[in-house]
Amino acid sequence: MTTYHKVTGSRRLKSGIGSKAIHKVKAAKPRERMDEAQGLHVSNSEFLSEVFRGTPSNLCSWTTFFTDKVDSENKGKWLGLATTPEECLDILASNAYFSVSQFDVDKRPVGRTSENFARMGCVVLDDAQSAKLMPSWKLETSPNNYQLGFILKDPITDKDLAKRLLDSIRDAALVNQSDKSGNNIVRYARLPVGFNNKSKYGKPFAHVMHEWEPSLRYTLEELITGLNLDRNAVLYGAQTKESKDPFNDFGMGLDIAQIIREILTSERYYEPLLKLSSHLIGTGNTPTSSVAQCQGIMQAVVDKPADWKFYYDQIPSLVNSAAKKFSQTKVGSKYDLDWMKENFKDYNYSDEAPIATNFVIDGFLSDEIFSIAGAPGTGKSSMLLQLAMAVAHLCPTDYELKPTLRRKVVYLTEDARQAENLIYGMKRWGGVTCSTDEMHEWFSVIEVRRIKPEFLEAFIEWKVSEKTVTQKGENGNEVLVPPLIVFDTAAATFDLENESDNSEVSDAIGHVKHACSLNSTPLWIVAHSSKAQRNDTEDIQIRGASAWTGDVHGTAYIFAEPGGTSRNMRLRKRRFEAEFEELEFNTQTYSIPVQHPLGHWVDKTYRVGFCKKSSYEARLEKQKDLKESEAKRRELDMQIHILQRVHKLSLLGIAKTSKRSIQEEVIGQAKTINAQIDNLVELGELVKTTDGKFALGKGEMVKSIQEEKQWP
């Protein structure tokens, strides 16, 4: 039986952090296991005192306690406070966290920051079931989700080394979809005494300590070996080019029997097949063999549900994706031929039967990846959100751009409130009559955060598996229709160090392109143009690297014509023959009274618009009409000012006046003013006398001016 230790002795007040203190350690009685629900009793102070044994007087631990929901919007709950390990409180009815690192109290301001980092005392793996390496503690933090902790025998004081260690754990966890916060050297982990009140659990879940072995302390080398981490990556930042089983090598306890059970019982398909294909490739199976094994298991399903065939057809793509990431194939090895056969198959093209292009907007945008750019303030989001709603058939029934295929839409935006306002406006005034449930089912709005491209790839695969629908055609055939995914904007979605770095951008697009190509999933990447002008110029380019244009399937640009009120989208690069090349977007505003949170009423304006088919020629003709209309307006304005001048002089007793006298109060070139005076004579608004001067005539414009009416 293991002997546990606890810290006793004098407690230091928080104001005394940093002062010298001496405490004694004495052996405690062996702890008895309670029932399964209660687990082992370990106080928070005892826990931290063991994790950070021998804390120097100039260092502090960091904890936070709060009763708000963990997934609430209140970010202040994560601020926390400094404490000594011995003084950490037990507050059962709260979310209780500690930082895996300690901080220098002599640095000001004191805080849980990377700048104040002093040493990391443990490594924590989240949502893990088991590991090949025995943990120092195993804490159940939510139903069947466990936190495994490994106390470091020698705390890590090198900040960069600590980051590399956690980066290696993160990279391994990426495959297994766990420990997603493992790259943060000041991260929080759960304390033993506390609860988890995430909304999805309903009733708060009290933490349960299942294993507590503080005598199990690991050197860095033992940790690297025990968790099968890349030693070179941890110690030197240089990854070893060596393939591993992405699940078992991490030591997370991949349960093959459990995965197969989930497939055979049709509990779920996508994630088990993803894990199984990665496991098979990572353990040395060829792609051909891996596909056969996965298909064999799927074929053994007895009562095949409606979506069985969809996921069955995904197996080659899943295996191919896994082979690119985890294959042990090396150039010159005996597996080269199998790998090439799997990855370089002849495309079964048709030279007899025509193949219809799949469109997102019929005749205009295909089901591929498009970069859509425009200058700030051109209404990109307003235009594209309305267009995306039409893709989901959330538009008037007779809308000309309503496509044949109805797709669910996943709209990632940097301003969810703007999207909310646009959707409300379309339902209130734009002819959208669907229910709230239908709107949320077919149109998802997600407030975006900058995400690593590899996570975006996983996100797309997840949403495709969740949002793909089946549509029956006129001939009775059923087709699978993947969702439309919109990244609004690229700068707010892709976590890139430099958006102008071609290599980095090309790699990022490669990730999302791979995910989209598996299921012909359309993706719109909204970007800013590199030039400030908003009109349609041939040299408009997407801001940043040329890969934003070169590595996607198509491009389009949104712009505003000078003097016009509409917006236009023009297709540029594409790989199909479009039925039309431009859209015109016109909007109208509506205002309604809205009650302010403080109780008073304010007017709120909503902008509602629709796209319609257009062309370069139609836009030029409209621009010509606008110029002509503007010229006529200026002519009329000058004529009114001329008549007002002559009328003013007549009121002063000057019945006749010269052109020079008229010019004194009319803005414009003398030649233009004289020409308009002659026009007014022809119209009968002015009369030219025998001495070459001018007097008021009897036209309608003169009557209106004399009656002091406002001429339109």
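Calculation rules
Every chain begins its residue count from 1, and numbering advances along the sequence as written. Given that the model is predicted, a residue must reach a pLDDT of at least 70 before its local features are reported, and side-chain atom pairs must reach 80 or more before they are shown or counted; all residues, however, enter totals for whole chains, interfaces and linings. Side-chain descriptors were evaluated using all non-hydrogen atoms of the structure, hydrogens and water having been removed beforehand. Helix and strand definitions here come from DSSP, where helices need a minimum of 4 consecutive H or I residues and strands a minimum of 2 consecutive E residues; each element is numbered from the N-terminal end. Accessible area is worked out with a 1.4 Å probe on protein chains only. A residue is then buried under 20% of its type maximum, exposed over 50%, and partly exposed in between. We call two residues in contact whenever any of their non-hydrogen atoms come within 4.5 Å of each other. All accessibility values rest on the Shrake-Rupley procedure with a 1.4 Å probe; residue burial counts only the protein chains present in the view. An expected span of 1.5 Å times one less than the residue number is assigned to each helix. Directions drawn from the helix axis to the C-beta atoms are what define this arc. At least two bridges found by DSSP between two strands is the condition for calling them paired. Note on geometry: axes are lines fitted to C-alpha atoms, helical ones only across the stretch in contact, with angles between N-to-C directions running from 0 to 180 degrees. Roughly parallel covers angles under 35 degrees, roughly antiparallel covers those over 145, roughly perpendicular covers 65 to 115, and oblique covers all other angles. We call a crossing left-handed when the near helix sits turned anticlockwise from the far one by less than a right angle, and right-handed when that turn is clockwise. All residues other than Ala, Val, Leu, Ile, Met, Phe, Trp, Tyr, Cys, Pro, Asp, Glu, Lys and Arg, Gly among them, are scored as polar; the first ten of these are nonpolar and the last four charged. Here, nonpolar core refers to any group of buried Ala, Val, Leu, Ile, Met, Phe, Trp, Tyr and Cys residues whose side-chain atoms link them within 4.5 Å. Residues forming no salt bridge and having over 30% relative accessible area are the ones grouped into patches, like charges within 9 Å of each other and nonpolar side chains (Val, Leu, Ile, Met, Phe, Trp, Tyr) within 5 Å. Definition used for salt bridges: Asp or Glu carboxyl oxygen within 4 Å of a side-chain nitrogen of Lys or Arg. A residue counts as positive if it is Lys or Arg and as negative if it is Asp or Glu; His and the chain ends are not included. By convention, the point assigned to a charge is CZ for Arg, NZ for Lys, CD for Glu and CG for Asp. Between 30 and 60 degrees the pair is tilted, below 30 it is stacked and above 60 it is edge-to-face, where a pair is any two Phe, Tyr or Trp rings, Trp via its six-membered ring, whose centres lie within 6.5 Å.

Here we look at the overall build of the protein
Point 1. Each helix and strand counted, the protein has 20 helices and 29 strands in total.
Point 2. A buried classification covers 48% of the 712 residues belonging to the protein.
Point 3. In the protein, the share of contacts with a sequence separation of at least 24, taken over all contacts with a separation of at least 6, comes to 67%.
Point 4. Of the roughly 36200 Å² that the protein leaves accessible, carbon and sulfur atoms contribute 50%.

Some words on helix 7 (residues 287-299)
Point 1. In a regular helix each residue adds 1.5 Å, so 13 residues correspond to 18 Å; helix 7 covers 18 Å between its end C-alpha atoms and thus fits that length.
Point 2. Those residues of helix 7 that fall on the buried side of the exposure criterion are Pro 287, Ser 290, Val 291, Cys 294, Ile 297 and Met 298. Seen along its axis, helix 7 keeps its buried residues to an arc of 130°; they face one direction.

Some remarks on the pairing of strand 18 (residues 409-413)
Point 1. Within strand 18, five of the five residues are buried, leaving the element largely enclosed by the surrounding structure.
Point 2. Residues Val 409, Tyr 411 and Thr 413 of strand 18 are buried on one face, and the alternating residues Val 410 and Leu 412, pointing to the opposite face, are buried as well.
Point 3. Across five bridges, strand 18 lies against strand 19 (residues 443-447) in parallel orientation. If you follow Tyr 411 over to strand 19, its bridge partner there is Val 445.
Point 4. Pairing of strand 18 with strand 22 (residues 484-488) involves five bridges; the strand directions are parallel.

Here's the deal with the environment of Asp 68
Point 1. Tracing the sequence through the fold places Asp 68 in the loop between strand 3 (59-66) and strand 4 (81-83).
Point 2. The sequence separation of Asp 68 and Asn 197 amounts to 129 residues, and the corresponding C-alpha distance is 8.0 Å.
Point 3. Residues contacting Asp 68, with those up to four places away along its chain left out, are Asn 74, Lys 77, Asn 95 and Asn 197.

Focus on the sheet that holds strand 24 (residues 554-560)
Point 1. Spatially, 19-18-22-23-17-24-25-26-27 is the arrangement adopted by the nine strands of the open sheet, whose pairing is mixed. Two strands close off the open sheet at either side, each with one partner strand: strand 19 and strand 27 (601-614). Averaged over all neighbouring strand pairs, the angle between strand axes comes to 20°, with direction disregarded.
Point 2. Strands strand 24, strand 25 (567-571), strand 26 (582-595) and strand 27 of the sheet are contacted by helix 17 (residues 616-651), whose axis makes an angle of about 65° with strand 26.

Some details on the pairing of strand 23 (residues 523-528)
Point 1. By the criterion of burial, strand 23 is predominantly enclosed, with six of the six residues buried.
Point 2. The alternating pattern of strand 23 places Leu 523, Ile 525 and Ala 527 on one face and Trp 524, Val 526 and His 528 on the opposite face, and all of these are buried.
Point 3. Relative to strand 23, strand 17 (residues 369-374) is paired through six bridges, and the arrangement is parallel. Across the sheet, Ile 369 pairs through a bridge with Leu 523, a residue of strand 23.
Point 4. Two strands pair when backbone bridges link them, and strand 22 and strand 23 are joined in this way by four bridges, in the parallel orientation. Residue pairing for strand 23: Phe 487 is matched across the bridge by Ile 525.

Considerations on the packing of helix 13 (residues 453-467) against helix 15 (residues 502-517)
Point 1. Relative orientation of the contacting elements helix 13 and helix 15 amounts to 15°, with a least axis distance of 8 Å. One element, helix 13, and the other, helix 15, form an angle in the roughly parallel class. In this structure, the crossing between helix 13 and helix 15 has a hand that is right-handed. Contact residues: Pro 453, Glu 454, Leu 456, Glu 457, Ile 460 and Glu 461 in helix 13; Ala 508, His 511, Val 512, His 514, Ala 515 and Cys 516 in helix 15.
Point 2. In terms of residue class, the contact of helix 13 with helix 15 is made up of seven nonpolar, two polar and three charged.

Remarks on the nonpolar core
In a soluble, globular protein the nonpolar side chains are often hidden away together inside.
Point 1. Of all hydrophobic cores here, the largest spans 52 residues; its most connected members are Phe 47, Phe 98, Met 120, Trp 137, Leu 165 and Leu 223.
Point 2. Every residue in contact with Phe 98, bar those within four places of it in the chain, is listed here: Phe 47, Leu 48, Phe 52, Trp 62, Thr 63, Cys 122, Trp 137, Arg 187, Tyr 188, Ala 189, Arg 190 and Leu 191.
Point 3. Membership of the second largest hydrophobic core comes to 49 residues, among which are Val 409, Met 439, Leu 484 and Leu 583.

Considering a negative patch on the surface
Point 1. Together, Asp 71, Glu 73, Glu 414, Asp 415 and Glu 447 make up a negatively charged patch on the protein surface.
Point 2. Structurally, Asp 71 can be placed in the loop between strand 3 and strand 4.
Point 3. Here Asp 71 falls in the partly exposed class, since its relative accessible area comes to 43%.

Quick look at the environment of Trp 429
Point 1. Here Trp 429 is to be found in helix 11 (residues 416-429).
Point 2. Sequence-distant contacts of Trp 429, that is, excluding residues within four places in its chain, are made with Tyr 424, Tyr 590, Ile 592, Tyr 606 and Val 608.

As for the pattern of salt bridges
Point 1. Per the stated rule, a full pass over the model turns up 25 salt bridges.
Point 2. Here Glu 438 and Arg 406 are joined by a salt bridge, their closest N and O atoms 2.8 Å apart. In this pair, Glu 438 sits in helix 12 (residues 436-442) while Arg 406 sits in the loop between helix 10 (380-391) and strand 18, placing the two residues 32 residues apart along the sequence.
Point 3. The class of Glu 438 is partly exposed, set by a relative accessible area of 27%.
Point 4. Classification of Arg 406 as buried rests on a relative accessible area of 17%.
Point 5. Linking Glu 630 and Arg 633 is a salt bridge whose minimum nitrogen-to-oxygen distance equals 2.8 Å. Of this pair, Glu 630 and Arg 633 both sit in helix 17, three residues apart, roughly one helical turn.
Point 6. Relative accessible area serves as the criterion here: at 32%, Glu 630 is assigned to the partly exposed category.
Point 7. Connected through salt bridges with shared partners, the residues Glu 561, Arg 570, Glu 582 and Arg 619 form a single ionic network.

Structural notes on the packing of aromatic side chains
Point 1. Evaluation of the coordinates by the stated rule reveals 27 aromatic pairs.
Point 2. A centroid spacing of 5.1 Å and a plane angle of 70° characterise the contact between Trp 78 and Tyr 97, whose relative ring orientation is edge-to-face. Of this pair, Trp 78 sits in the loop between strand 3 and strand 4 while Tyr 97 is found in strand 5 (residues 95-99), placing the two residues 19 residues apart along the sequence.
Point 3. Take Trp 78: its relative accessible area is 26%, and that puts it in the partly exposed class.
Point 4. Ring centres 5.8 Å apart and planes at 55° place the aromatic pair Tyr 269 and Tyr 311 in the tilted group.

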